[in-house]
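Take a look at the letters that make up each chain.
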Amino acid sequence: MLENVRLSFQGIWSHKMRSFLTMLGIIIGIASIISIVSTIKGTNEQIKQNLIGAGNNNVTVSLKQGDGDYWMDNGLPSGVSKLSGDQKKRIREQDQVENASFYTERTYVSGIAKGNTTLDSAKALGVDENYLSTCGYQIYQGRGFVESDFSKTHKVVLLDDTAVLTLFPDESPVGKTIEIMGEPFTVIGVIKKADSRDDYYTYNQESYPLVLMPDVCWPIVFQYDEPENAVVMAKTTEDMSTVGKTTADIMNESVTNTTDSLSYQAEDLLEKAKSLQELGQSTNQQLIWIASISLLVGGIGVMNIMLVSVTERTSEIGLKKAIGARKRRILFQFLTEAAVLTSIGGLLGVLGGIIMAQVISRVSQTPVAISIPAIIFSVVFSMVIGIVFGLLPSVKAANLNPIDALRRE
């Protein structure tokens, strides 16, 4: 076997230009596939990150009516009870859960003001002590909530940048008082997302002013018990779907109303990412098939050059058979040469594909992720092409009559 490989390299080196032109179809085909697959993989990862957020493995579970959002009226809807302490404990103690928080929410709240300045379409949340850490907020002015704010029902709030710019454009808000539905609250801090790369958050929250208060203060403002939402941080991105489903199942133990189609549902961002990725799947497959045509052309080129090689080396084959070389030995020699030729082309194609992918990334600002399985598959596949398309010339060489072969010289 090693002797066959040595002879193959010797034959390739002795006809360098011819060998390179023969490998060119394989090189182009493999390079095209590697660059396409790398670009597809990079784009899919970017879609996933944009939806989920960089390093933010949060799943939101909220009360829905059918497939749409449940619009809050006054208090808990019929057939929906408050979450129990045991339910919250079971949600937090899931093996795949890093952290969890429970909160109530109102959007488009218009009763938030400082003097004559009012927030339009604000979002108000009544949160527990885990909300800031679970959702990735940090305090950059003032302080966050402390245990006494919850135990003593302190009427305090945290604002985001958008709310601060509207209510306190020229002064620090910390220590100042705002009114929420006529109730005075003291601003104790200003919050922002700890990770500015959280694209999903930025996309969804748009520019709604955000006001957070301790959940114990919620009934003071809105005067009713209301359904709680959950935001659960999974340990890994892959755990998000499982965590979301299990959390929704636990929370749905509080729902007995089936006539109004009320249920807690998880916002499965991982599934949304997969759906977006699948939209371009057919187009991606067509691109790969088109690139694979180059491999077919390259294989035909290998078969053609191997037939030429058999013709050129007819006397060599005849001599080997005359001194006792068997058909199998001749067959394997030419198959090995074809496999080595295409394998070198495959390796060069992989190198060219990686370079091409990086060039595409820089020119079009498209993310790429080099696929190791695609590289391994490409090299192995190129070797298979050499064996398949080298089979006919190898069989022809093995079946030459030694007397006819020697006479041809």
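Data block above holds the structure.
Residues numbered from 1 in each chain as written. Predicted model: local features only at pLDDT ≥ 70, side-chain atom pairs only at ≥ 80, totals over all residues. Heavy atoms only, no water.

Before going further, it helps to spend a moment on the overall build of the protein chain. Counting its secondary structure elements, the protein chain contains 15 helices and 13 strands. Here the analysis covers contacts within the protein chain between residues at least 6 apart in sequence; of these, 81% occur between residues at least 24 apart. A total of about 20,900 Å² of accessible surface is found on the protein chain, and carbon and sulfur atoms cover 57% of it. (Helix = DSSP H or I, 4+ residues; strand = E, 2+ residues; numbered from the N terminus. Contact = heavy atoms within 4.5 Å. Areas by Shrake-Rupley, 256 points an atom, 1.4 Å probe, with all protein chains shown as cover.)

Let us now look at the packing of helix α13 (residues 327-364) against helix α14 (residues 372-398). Running from amino to carboxyl end, α13 crosses α14 at an angle of 150°, the nearest separation of the two axes being 7 Å. Accordingly, the angle class assigned to the pair α13 and α14 is roughly antiparallel. In the crossing of α13 with α14, the sense of the turn from one axis to the other is right-handed. Residues that form the contact of α13 with α14 fall into these classes: 17 nonpolar, eight polar and one charged. (Axes fitted to C-alpha atoms, helices over the stretch in contact; angles between N-to-C directions. Parallel < 35°, antiparallel > 145°, perpendicular 65-115°, else oblique. Left-handed = near helix turned anticlockwise from the far one by under 90°. Nonpolar A, V, L, I, M, F, W, Y, C, P; charged D, E, K, R; others polar.)

A few words now on the pattern of salt bridges. Scanning the model with the defined rule gives 11 salt bridges in all. For Arg-143, the salt bridge goes to Asp-149, with nearest N and O atoms at 2.9 Å. Using a relative accessible area of 34% as the deciding quantity, one classes Arg-143 as partly exposed. For Asp-149, a relative accessible area of 0% translates into the label buried. (Salt bridge = Lys/Arg side-chain N within 4 Å of Asp/Glu carboxyl O. Buried < 20%, exposed > 50% of the residue type's maximum accessible area, 1.4 Å probe, protein only.)

Here the focus is the packing of aromatic side chains. Under the criterion given, the structure shown has five aromatic pairs. Seen in terms of ring centroids, Tyr-108 and Tyr-208 are 5.7 Å apart; in terms of plane orientation they differ by 80°. Their pairing is edge-to-face. With Tyr-108 in strand β3 (residues 97-109) and Tyr-208 in the loop between α7 (199-205) and β11 (210-214), this residue pair connects regions lying 100 residues apart in the sequence. Relative to Tyr-137, the ring of Tyr-131 lies with its centre 6.0 Å away and its plane at 25°, an arrangement referred to as stacked. The same class applies to Tyr-131 and to Tyr-137, which are both buried. Aromatic rings pair up to connect Tyr-103, Tyr-131 and Tyr-137 into one cluster. It is Lys-192 that lies over the ring of Tyr-140; its NZ or CZ is 5.1 Å from the centre. (Phe/Tyr/Trp six-rings, centres within 6.5 Å; stacked < 30°, edge-to-face > 60°. Lys NZ or Arg CZ within 6 Å of the ring centre and 35° of its normal.)

Moving on, we come to the side chain of Ser-35. Counting through the fold element by element, Ser-35 comes out in helix α2 (residues 16-52). A distance of 2.9 Å separates a polar side-chain atom of Ser-35 from the backbone oxygen of Ser-32. (Polar contact = N/O pair within 3.5 Å; in protein donor to acceptor, adjacent residues only side chain to side chain.)

On the surface, a cluster of nonpolar side chains totalling about 650 Å² of accessible area is made up of Ile-372, Ile-376, Phe-377, Val-380, Phe-381, Val-384 and Val-388. By secondary structure assignment, the location of Val-384 is in helix α14. Taking relative accessible area as the criterion, Val-384 reaches 40% and is therefore assigned partly exposed. (Patch = residues over 30% accessible without salt bridge, like charges linked within 9 Å, V, L, I, M, F, W, Y side chains within 5 Å.)

Before going further, it helps to examine the pairing of strand β9 (residues 177-180). On β9, burial follows the alternation: Ile-178 and Ile-180 on one face are buried, whereas Thr-177 and Glu-179 on the facing-out side are not. The sheet contact formed by strand β4 (residues 112-114) and β9 spans two bridges and is antiparallel. The residue of β9 that forms the bridge with Ala-113 is Glu-179. Looking at chain direction, β9 and strand β10 (residues 183-193) are connected through four bridges and run antiparallel. By the bridge assignment for β10, Thr-177 is matched with Thr-186. Count of turn residues in the β9/β10 antiparallel hairpin: two residues, of which Met-181 carries a positive phi of about 55°. (Pairing = 2+ DSSP bridges.)

The next thing to look at is the environment of Ile-387. Relative to the assigned elements, Ile-387 resides in helix α14. According to the relative accessible area criterion, Ile-387 is partly exposed, its value standing at 38%. For the pair formed by Ile-387 and Val-302, sequence separation is 85 residues and the distance between their alpha carbons is 9.8 Å. Each residue touching Ile-387, except ones within four places of it in the same chain, is listed here: Leu-335 and Ala-339.

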